[in-house]
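Here's the letter readout for the chains.
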Amino acid sequence: MSTSTTTTRIVLASRPHGAPTQENFRTETADLPELADGQLLLQTLYLSLDPYMRGRMSDAESYADPIGIGETMVGATVARVVDSRDERFTAGDVVLSYSGWQSHSVVQADHVRRLDTSTPLPLSTALGVLGMPGFTAWAGMNNIGHPKQGETVVVAAATGPVGSMVGQIAQLHGARAVGIAGGPEKVAYLKELGFDAAIDHRADDFAEQLAAATPDGIDVYFENVGGKVWDAVLPRLNTYARVPVCGLVSGYNATELPAGPDRSGQLMGTVLKKSLTLRGFIQAEYADQMGDFLAEMTPRVADGSISYREDVVEGLDNAVEAFIGLLTGGNFGKLVVKVAD
Ligand SMILES: NC(=O)c1ccc[n+]([C@@H]2O[C@H](COP(=O)([O-])OP(=O)(O)OC[C@H]3O[C@@H](n4cnc5c(N)ncnc54)[C@H](OP(=O)(O)O)[C@@H]3O)[C@@H](O)[C@H]2O)c1
């Protein structure tokens, strides 16, 4: 087992303008501090790559502080305890941490959660289907979407960890799940997963396909992407439709507002006439429901009644390229980096 007191880490070298490039990142080796009481030395096993990290690379005002230039890129990790100065943990324990893009870290024991290594589920599931993204889908659907028997639920980025969970939760509630994804391979996977309909947002006739897949309109649109998907969805929303606004990934690399005309008047008119509920949320708002989520979903994932797909990239060296691809659909399933065995 490693007893490293150095870490290999990827830091933010400069802020991107538009899509991030390799030049916005730098890999370096740094010494770690001596362990103090209440701290753990961790070795990263898996690093989660998530779309929100693009926002942290920017210094535009947001719900969380930006990463400083020269600071380690942030991110959730599954890590092994190498050394412990906290009586609750011993070397060999596996924890969920927020150690970022690096091989080793020193963290406060209070800031990690022990993971159960006795289950047959891969440890990486703690970053995806049973982690923050799966929870985001569950919390957004239960608190805002409220899908009901016979209703139609639409979600894009549907092969990802949020979208695939949204569709499966919709069906647990007896609703029809319509998934949107980029490219025929992802669309085929959605059908395999059991979505009632699956559409490719890159198709020239995407809006017509969406209309055909939602003959009774849309009752819940779980907003993951924005852009032209939202443009096609808006006219199909039913009276009293709910829109949990979770993410707008189609615009994360945008450098300016979309070309006119300004359609905010049309949007507000539709909100008014159809009594729509649009509610933005950050999953942390519902953090006190995490225990309920894990209690409900862990057995479903374990018995296979909830499916998931992971896109595992080998080695921290490949994290930057994988992250750049995540923002344009290069991933197929929950993107994680396997940092160590
Ligand atoms: N509010 C919160 O607390 C919270 C928490 C977690 C995640 N989120 C948001 O939830 C969304 C999904 O996250 P995830 O982790 O599950 O990501 P993901 O689906 O694994 O990856 C992002 C996906 O977005 C799709 N995409 C990219 N550009 C697009 C475009 N122009 N039009 C349509 N789709 C596009 C791509 O899928 P295709 O190839 O299928 O197009 C890509 O694979 C993101 O917006 C994320 O920021 C929000």
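Here the structure is shown first, and the text comes after it.
Residues numbered from 1 in each chain as written. Predicted model: local features only at pLDDT ≥ 70, side-chain atom pairs only at ≥ 80, totals over all residues. Heavy atoms only, no water.

1. Quick notes on the packing of aromatic side chains
Between two aromatic rings, the relevant description is the distance of the centres plus the angle of the planes.
Here's step 1: The tally for this structure, following the rule as stated, stands at 10 aromatic pairs.
Here's step 2: Their ring planes at 85° and their centres at 5.6 Å tell us that Tyr-189 and Phe-332 sit as a pair that is edge-to-face. Of this pair, Tyr-189 sits in helix α4 (residues 184-193) while Phe-332 sits in the loop between α9 (319-326) and β15 (334-338), placing them 143 residues apart in sequence. Here Tyr-189 and Phe-332 have matching classes, each one buried. (Phe/Tyr/Trp six-rings, centres within 6.5 Å; stacked < 30°, edge-to-face > 60°. Helix = DSSP H or I, 4+ residues; strand = E, 2+ residues; numbered from the N terminus. Buried < 20%, exposed > 50% of the residue type's maximum accessible area, 1.4 Å probe, protein only.)

2. Remarks on the nonpolar core
Generally speaking, a soluble globular protein has its nonpolar side chains buried in company with each other.
Here's step 1: One finds Leu-49, Trp-101, Tyr-221, Leu-237 and Phe-323 to be the most contacted residues of the largest nonpolar core, which totals 44 residues.
Here's step 2: Both domains that meet at this core, namely domain 1 (6-122 + 309-338) and domain 2 (132-284), each give it at least three residues.
Here's step 3: Ignoring sequence-local partners within four residues, the contact set of Leu-237 consists of Ile-218, Tyr-221, Trp-230, Val-243, Lys-274 and Leu-276.
Here's step 4: Core analysis: the next-biggest nonpolar cluster, separate from the first, contains 35 residues, Leu-121, Leu-190, Ala-198 and Phe-222 among them. (Core = buried A, V, L, I, M, F, W, Y, C linked by side-chain atoms within 4.5 Å. Domains from an automatic or database assignment. Contact = heavy atoms within 4.5 Å.)

3. Regarding the site of the ligand
Here's step 1: Around the ligand, the surrounding shell holds 26 residues, and the nearest of these are Lys-186, His-201, Tyr-252, Gln-283 and Asn-331.
Here's step 2: Separating a nitrogen atom of the ligand from a backbone N or O atom of Phe-281 is a distance of 2.8 Å.
Here's step 3: For the ligand, whose unbound accessible area comes to 910 Å², protein coverage reaches 91%.
Here's step 4: At the level of secondary structure, the elements contributing two or more residues to the shell around the ligand comprise α2 (132-145) and α3 (161-172).
Here's step 5: Each of domain 1 (6-122 + 309-338) and domain 2 (132-284) gives at least three residues to the shell around the ligand. (Near = heavy atom within 4 Å. Polar contact = N/O pair within 3.5 Å; in protein donor to acceptor, adjacent residues only side chain to side chain. Areas by Shrake-Rupley, 256 points an atom, 1.4 Å probe, with all protein chains shown as cover.)

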